Amino acid sequence: MLVRYNPWQELNTLESHINGLFGDTRVPSTRVEKSFIRVPSAELHETADAIHLKLELPGLEAKDLDIQVTEDAVHISGERKSETKTENNGTTKSEFYYGKFQRVIPLSARIQNTNVTADYKDGILNLTLPKSEQEKNKVVKVNLEQPAA
């Protein structure tokens, strides 16, 4: 039996595999999930006087967080502890991540790490990191004088 060669079939197969990778909405298997370390999402906003850092830490209590600030980075670590439930009838399946995490967020400017303020509410940590005086004075306006005529 002769089969006609279609050079585009290989590309169609490759496209199908790639679409499968990007379009896969299934829950990851526990085998992959255990090796996958999650870190909190972060958002940085810089003003002339400070850097504002917002971290998303749902399900954690303040006592489970360790935040350390240097002049040029924020180090955050914590642990979401597993709540063990015993059920006699039925099975419990959880997609929640339990365990330790750590993240280092480098800062674009030097800050006064002794004057950092923090607010933690509803799983959102807001840090206000005031810039050092040297950083505030980095941009200097130069006035041009007109030569006397």
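Refer to the structure above for everything that follows.
Reading guide: rules and limits
- Residues numbered from 1 in each chain as written.
- Predicted model: local features only at pLDDT ≥ 70, side-chain atom pairs only at ≥ 80, totals over all residues.
- Heavy atoms only, no water.
- Helix = DSSP H or I, 4+ residues; strand = E, 2+ residues; numbered from the N terminus.
- Buried < 20%, exposed > 50% of the residue type's maximum accessible area, 1.4 Å probe, protein only.
- 1 Å grid on protein atoms, 1.4 Å probe; cavity = no way out; pocket = protein on both sides within 12 Å on 5 of 7 lines; lining within 4 Å.
- Points joined across faces, edges and corners; volume = space filled by probe spheres on them.
- Nonpolar A, V, L, I, M, F, W, Y, C, P; charged D, E, K, R; others polar.

Turning next to unusual backbone geometry. The residue D122 is not glycine, and still its phi comes out positive at about 55 degrees. Along the chain, the position of D122 falls in the loop between strand 6 (117–121) and strand 7 (124–130). Given a relative accessible area of 72%, D122 falls into the exposed group.

A word on the layout of surface pockets. Take a probe with the size of a water molecule and roll it over the atoms, and the empty space left behind shows itself. Computed from the structure, the second largest pocket encloses a volume of approximately 280 Å³. R38, E56, P58, R80 and Y97 are, among the 15 residues lining the second largest pocket, the residues nearest its centre. Looking at the lining of the second largest pocket, the elements that each hand over two or more residues are strand 4 (73–80) and strand 5 (99–106). For the lining of the second largest pocket, the class distribution of residues is eight nonpolar, two polar and five charged.

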